[in-house]
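# Descriptive analysis of the structure
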Amino acid sequence: LKLGVELGALRLKNPLVAASGTFGYGVEYEGLLDLSLLGGLVSKGLYLEPRDGAPIPRIVETPSGLLNAIGLQGVGARAFVKDVLPRVARYDTAVLVNVCGDTVEEYAEVTRIVDGAPGAAGIEVNISCPNVKKGGMAFGGDPRMTAEVVSAVRKATRLPVIPKLSPNVADITLFARVCEESGADALSCINTLLGLVIDVETRKPRLAFGTGGLSGPAIRPIAVRMAWQAAQAVKIPVMGIGGITCAQDALEFLIAGCRAVQIGTSNFVDPGLYERVLAELRAYLERHHLQDVNEVVGTLEFPGQPSRKEVAP
Amino acid sequence: MPANRHATLVAREPLDEAYFLLTFRHPEIAHSARAGQFVMIKAGVSVEPPLRRPFSILSVDPGEETFSLFVKAIGEGTRALTRLAEGEVAQCLGPLGRPFTRPEAGTEAVMVAGGYGIAPFFLFARELRAANRSGRVFYGGRGERDLQLRERFTGLVPLVTATEDGSLGARGRVTAPLEAFLDDQAGAVRLYACGPDAMLHAVARVAERRGIEAEASLDPWMGCGIGTCLGCVVFTQSRDEARAKYRCACTEGPVFDTSLVVWPEETESRARRRAKVEA
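Let me sum up the structure you'll find in this document.

## Things to note about the overall build of chain A
A tally of regular secondary structure across chain A gives 10 helices and 16 strands. By the compact-globule yardstick of 20 Å for 313 residues, chain A fits well, its C-alpha radius of gyration being 18 Å. Considering only C-alpha atoms, chain A reaches an extent of 50 × 50 × 45 Å along its principal axes. Here chain A, with 313 residues, has 62% of them falling under the buried criterion. Where the 31 positive side-chain charges of chain A centre and where its 33 negative ones centre are 3 Å apart.

Here it is in structure tokens:
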């Protein structure tokens, strides 16, 4: 059975990637699971300098989900490439680095630092974090800023450039196309949905930041729909993200047209899930007499649309 | 090294109110856990509620390869755990976090527990006895029913109770009999606290005022238990740090030196001071 997938120049041994912000810098999982099981992992978002992140409390559980406002606490790009990247790069898995910035220049600078250090397989561009006042979603919600950030990152690296799109927009296909035109090699769809949980006793938000980003199975149908829309709108490959807990969930994204998927909140629930999801994925392929996971990609038969099988060359 | 595995429930003992003693099979925890460490655990493999829950380890039995938790069924996650039948499994990761620091020889461990904050002190009392150290427990709660497990300390360490309604032991806060003891105590002591935040802060103030070393086990909401989600961070500042910073309760705690913690009331007053300076 072939599980390898290609997203432009980025080759993954299997389509399962650990999502940014849910897997630390990868090294935290050493000893708990074999990182070489993963197709790839995406680092926690990195600015040039270390960041304190958002005030506490930062997380609250919701029905089938998690609302967070961590605020991109992190060690900074230089400490990451010096202390962490060499350690995580020893594993047989693609290490993608999630880059952030308060300004377009900062995105480019962080990208150059990562590009100049051995070990990274690609750059994920964070234009969708809802929990920071500058950058993040403020850039990813504005097509002009999206184009500027993605173009600047594109110029700063030879590595694959993968913008991570925000679902907090009216039409994600517009942003998918802007990224493609600005030189992106692939897309990550989607980041968290902006949410608010209120403590009715104190009449204050549960999170100190106020609003937060909603993740987990609660958002999966929205994520599948948006990844499906994005995949139809562009020629570059899409990584689907949102509430994946098992192979069946991952397959929804693949069938919708995603080349790979990222697993996020479920890393907190079960750090050992990759082995299980890969076994479930193999079992599915066998049950459907398929030799290659790529045969599943984009096979959705949607009412009113021509079957992908019929239009395929 | 913590291990993530399915842990079979081997014993389920309902206590008063909504309290339970749950014993699971988990060799790594049974063999290596130290008092103050915790587990991230969730009943079965259901998606609801999504997250595992952190619990202090109450006791271990290396011979049987089991450990026990003291659980109060208060929300969905804890209710699901207490509804497990013997033979059913939980997903369990542990042992996690930084344990209590054992006192030096000749220093008495004075443990201060509030409600189900008693849990880590049972294991600690056993460790102290095995290490030939002396200890005692001050155990407080709203009423008698909050002071579960107190008889299990008989023969291990002396235990003094206090209840706010006066139903058992001294009436009032547990810090009152604690301070009375410290007033009369000539020898060296070290304080250990686990319970509600207000009680932890009160013990921290007692320790600071009297110049005693103290550790507190903190219990913020936790996402992952291994330092990746950064959801459980605690605002801290050591004496040699120029500014306060966040530390993960799961990996750098849950046991913190009380002098390291910037308690919430202090955070607010610092913010007010800063606002004043900026204005």
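## What about the packing of aromatic side chains?
All names here are of chain B. For the structure on display, the rule yields 14 aromatic pairs over all chains. For the ring pair Phe-100 and Tyr-192, a centre distance of 5.6 Å and an interplane angle of 85 degrees mean the geometry is edge-to-face. Taken together, the residues span a long stretch of sequence, with Phe-100 in the loop between β7 (89–96) and β8 (108–114) and Tyr-192 in strand β12 (residues 189–194) at a distance of 92 residues. Neither residue differs from the other here; Phe-100 and Tyr-192 are each classed as buried. Geometrically, the ring pair formed by Phe-124 and Tyr-192 is edge-to-face, given 4.8 Å between the ring centres and 70 degrees between the ring planes. Taken together, the residues Phe-124 in helix α3 (residues 119–130) and Tyr-192 in strand β12 connect sequence positions 68 residues apart. As far as burial versus exposure is concerned, Phe-124 and Tyr-192 are alike and both buried.

## Examining the interface of chain A and chain B
Where interface size is quoted, it is often the accessible area lost as the parts come together. Tallying the contact residues gives 31 residues for chain A and 29 residues for chain B. Summing the contributions of chain A and of chain B, the shared interface buries around 2,400 Å²; its carbon and sulfur component is 61%. Between chain A and chain B we count 3 salt bridges in total. Ionic pairing is found between Asp-270 of chain A and Arg-52 of chain B, a salt bridge with its closest N-O pair at 3.5 Å.

## Focus: helix α5 (residues 172–181) of chain A
All names here are of chain A. Within α5, the full set of buried residues consists of Ile-172, Thr-173, Phe-175, Ala-176, Val-178 and Cys-179. Those residues of α5 that are buried are in contact with α3 (137–140), α4 (143–156), β9 (161–165), β10 (187–189) and α6 (220–233). A positive phi of about 100 degrees marks Gly-183, the residue just after α5.

## Regarding unusual backbone geometry
A cis amide bond links Ile-56 of chain A with the next residue in sequence, Pro-57 of chain A, at an omega value of 5 degrees. Inspection of the secondary structure assignment puts Pro-57 of chain A in the loop between β4 (40–42) and β5 (59–62). Of note, the bond from Gly-94 of chain B into Pro-95 of chain B is cis; its omega dihedral lies within 30 degrees of zero at -5 degrees. With respect to the secondary-structure elements, Pro-95 of chain B resides in strand β7. A positive phi angle, close to 55 degrees, is found at Glu-65 of chain B, a residue other than glycine. You can see Glu-65 of chain B is positioned in the loop between β5 (59–61) and β6 (66–72). Residue classification places Glu-65 of chain B among the partly exposed residues on the basis of a relative accessible area of 30%. A positive phi angle, near 60 degrees, is found at Asn-132 of chain B, a position not held by glycine. Positionally, Asn-132 of chain B belongs in the loop between α3 and β9 (135–141). For Asn-132 of chain B, a relative accessible area of 71% gives the class exposed.

## Examining the packing of α4 of chain A against α5 of chain A
All names here are of chain A. α5 packs onto α4 with a crossing angle of 30 degrees between their chain directions and a minimal axis gap of 9 Å. With respect to each other, α4 and α5 are oriented roughly parallel. The crossing of α4 and α5 is right-handed. Two secondary-structure elements touch here, α4 through Pro-143, Thr-146, Ala-147 and Val-150 and α5 through Leu-174, Phe-175, Val-178 and Cys-179. Residue composition of the contact of α4 with α5, by class: 7 nonpolar, 1 polar and no charged.

## Describing helix α2 (residues 104–115) of chain A
Residues and elements named next belong to chain A. The end-to-end C-alpha distance of α2 is 17 Å, a good match for the 16 Å that 12 residues give at a rise of 1.5 Å each. Within α2, 9 of the 12 residues are buried, leaving the element largely enclosed by the surrounding structure. Buried residues of α2: Val-104, Glu-106, Tyr-107, Ala-108, Val-110, Thr-111, Ile-113, Val-114 and Asp-115, and no others. Elements that come into contact with the buried residues of α2 comprise α1 (77–88), β7 (94–99), β8 (122–126), α3 and α4.

## With respect to empty space enclosed by the protein
Over the atoms, a rolled probe matching the size of one water molecule traces out where space is still vacant. All names here are of chain A. Going through the model one piece at a time under the given rule, you end up with 2 cavities of 30 Å³ or more. Counted as a void, the largest cavity has a volume near 480 Å³. Lining the largest cavity are 34 residues, and of these Ser-20, Thr-22, Asn-68, Asn-191 and Thr-192 sit closest to its centre. Those elements that provide at least two residues to the lining of the largest cavity are β6 (65–68) and β16 (260–263). Grouping the amino acids of the lining of the largest cavity by side-chain chemistry returns 14 nonpolar, 18 polar and 2 charged.

## Quick look at the sheet that holds β5 of chain A
All names here are of chain A. Strands sit in the order β5-β6-β14-β11 across an open sheet of 4 strands; the sheet is antiparallel. Each edge of the open sheet is held by one strand with a lone partner, namely β5 and β11 (193–195). Shown here is a sheet whose adjacent strand axes are inclined to one another by a mean of 35 degrees, direction ignored. Relative to β6, β5 runs antiparallel, the two sharing 4 bridges. Bridge pairing in β6 places Thr-62 opposite Gly-65.

## With respect to a nonpolar patch on the surface
A cluster of nonpolar residues, Leu-196, Ile-198 and Val-200 of chain A, forms a patch on the protein surface that exposes about 310 Å² of accessible area. Relative to the assigned elements, Leu-196 of chain A resides in the loop between β11 and β12 (198–199).

## Points about the layout of surface pockets
Computed from the structure, the second largest pocket encloses a volume of approximately 470 Å³. For the second largest pocket, the lining is made up of 22 residues, of which Gln-73 and Val-75 of chain A together with Leu-230, Tyr-246 and Glu-252 of chain B are closest to its centre. Examining the composition of the lining of the second largest pocket, we find that 4 residues originate from one element, strand β15 (residues 245–248) of chain B, more than from any other. Along the lines of polarity and charge, the residues of the lining of the second largest pocket split into 9 nonpolar, 6 polar and 7 charged.

Criteria and cut-off values
Residues numbered from 1 in each chain as written. Chains lettered and ligands numbered in written order. Predicted model: local features only at pLDDT ≥ 70, side-chain atom pairs only at ≥ 80, totals over all residues. Heavy atoms only, no water. Helix = DSSP H or I, 4+ residues; strand = E, 2+ residues; numbered from the N terminus. Rg over C-alpha atoms; globule rule 2.2 N^0.38 Å. Buried < 20%, exposed > 50% of the residue type's maximum accessible area, 1.4 Å probe, protein only. Lys, Arg positive; Asp, Glu negative; His and termini not counted. Charge placed at Lys NZ, Arg CZ, Asp CG, Glu CD. Phe/Tyr/Trp six-rings, centres within 6.5 Å; stacked < 30°, edge-to-face > 60°. Contact = heavy atoms within 4.5 Å. Buried area = accessible area lost by both parts, 1.4 Å probe. Salt bridge = Lys/Arg side-chain N within 4 Å of Asp/Glu carboxyl O. Axes fitted to C-alpha atoms, helices over the stretch in contact; angles between N-to-C directions. Parallel < 35°, antiparallel > 145°, perpendicular 65-115°, else oblique. Left-handed = near helix turned anticlockwise from the far one by under 90°. Nonpolar A, V, L, I, M, F, W, Y, C, P; charged D, E, K, R; others polar. Expected span 1.5 Å × (residues − 1). 1 Å grid on protein atoms, 1.4 Å probe; cavity = no way out; pocket = protein on both sides within 12 Å on 5 of 7 lines; lining within 4 Å. Points joined across faces, edges and corners; volume = space filled by probe spheres on them. Pairing = 2+ DSSP bridges. Patch = residues over 30% accessible without salt bridge, like charges linked within 9 Å, V, L, I, M, F, W, Y side chains within 5 Å. Areas by Shrake-Rupley, 256 points an atom, 1.4 Å probe, with all protein chains shown as cover.

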